[in-house]
Amino acid sequence: CLTGFTARYRPMDSNRIRTALGFAMRAGKCISGDFICEKAVKSGMALAVAVDEGASEATRERYTGMCQRAGIPCVFIEDLGRAIGKDNRMIAAVTEAGFARMITEAMEASK
């Protein structure tokens, strides 16, 4: 299950995470944008969240708290927009369990 994961502000090797996000986006199982991702986290539709490292401190703190309350992983990666094929996006949420598992496994491998 995906509960018990917390966000980290330290940079990590994000190649596997970026790959998983790209696959999820191509499969139609990833949404992006602040408003829709916040709605997905609060409704329980999001199973993992990725935040660009360049996002504001307030945005990072808001998503960290939301994800902790929802019990889903939140990861910070560099250049998120390029990973999902949509430049200038700062937030993405994965809505399918297989892709969320790929992200959590990549998080665990980078520890």
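In case you missed it, the structure is sitting above this.
A few points on the structure. As the structure is a computational prediction, the values presented were derived from the model and not from experiment.

### With respect to the sheet that holds strand E2 (residues 48–52)
The strands making up a sheet associate through hydrogen bonds between their backbones, and the pairing can be parallel or antiparallel.
Next, step 1: Strand order in the open sheet formed by 4 strands is E1-E4-E2-E3, with mixed pairing between adjacent strands. Both outer strands of the open sheet, strand E1 (30–32) and strand E3 (74–77), are each paired with one neighbouring strand and no more. In this sheet, adjacent strand axes meet at a mean angle of 20 degrees when their direction is disregarded.
Next, step 2: Here E1 runs beside strand E4 (residues 91–94); their pairing, made up of 3 bridges, is antiparallel. Bridge pairing in E4 places Ser32 opposite Ala92.
Next, step 3: Strands E1, E2 and E4 of the sheet are contacted by helix H2 (residues 34–43), whose axis makes an angle of about 130 degrees with E1.

### A short note on the packing of helix H1 (residues 15–26) against helix H5 (residues 97–109)
Next, step 1: Where H1 meets H5, the closest approach of the two axes is 9 Å, and the angle between their N-to-C directions is 175 degrees. Compared by their axis directions, H1 and H5 come out roughly antiparallel. Between H1 and H5, the residues in contact are Arg16, Ile17, Ala20, Leu21, Phe23 and Ala24 and Phe99, Met102, Ile103, Glu105, Ala106, Met107 and Ala109, respectively.
Next, step 2: Of the residues belonging to the contact of H1 with H5, the class tally is 11 nonpolar, no polar and 2 charged.

### Overview of the packing of H2 against helix H3 (residues 57–70)
Between two packed helices, what matters for the description is the angle formed by their axes and the separation of those axes.
Next, step 1: The interhelical angle for the contact between H2 and H3, taken along N-to-C directions, is 25 degrees, at an axis separation of 9 Å. With respect to each other, H2 and H3 are oriented roughly parallel. Every pair of crossing elements has a handedness; the one defined by H2 and H3 is left-handed. Here Asp34, Cys37, Glu38, Val41 and Lys42 of H2 come into contact with H3, specifically with Arg62, Tyr63, Met66 and Ala70.
Next, step 2: Looking at the contact of H2 with H3 residue by residue, the class counts come to 5 nonpolar, no polar and 4 charged.

Cut-off values and rules
- Residues numbered from 1 in each chain as written.
- Predicted model: local features only at pLDDT ≥ 70, side-chain atom pairs only at ≥ 80, totals over all residues.
- Heavy atoms only, no water.
- Pairing = 2+ DSSP bridges.
- Helix = DSSP H or I, 4+ residues; strand = E, 2+ residues; numbered from the N terminus.
- Axes fitted to C-alpha atoms, helices over the stretch in contact; angles between N-to-C directions.
- Contact = heavy atoms within 4.5 Å.
- Parallel < 35°, antiparallel > 145°, perpendicular 65-115°, else oblique.
- Nonpolar A, V, L, I, M, F, W, Y, C, P; charged D, E, K, R; others polar.
- Left-handed = near helix turned anticlockwise from the far one by under 90°.

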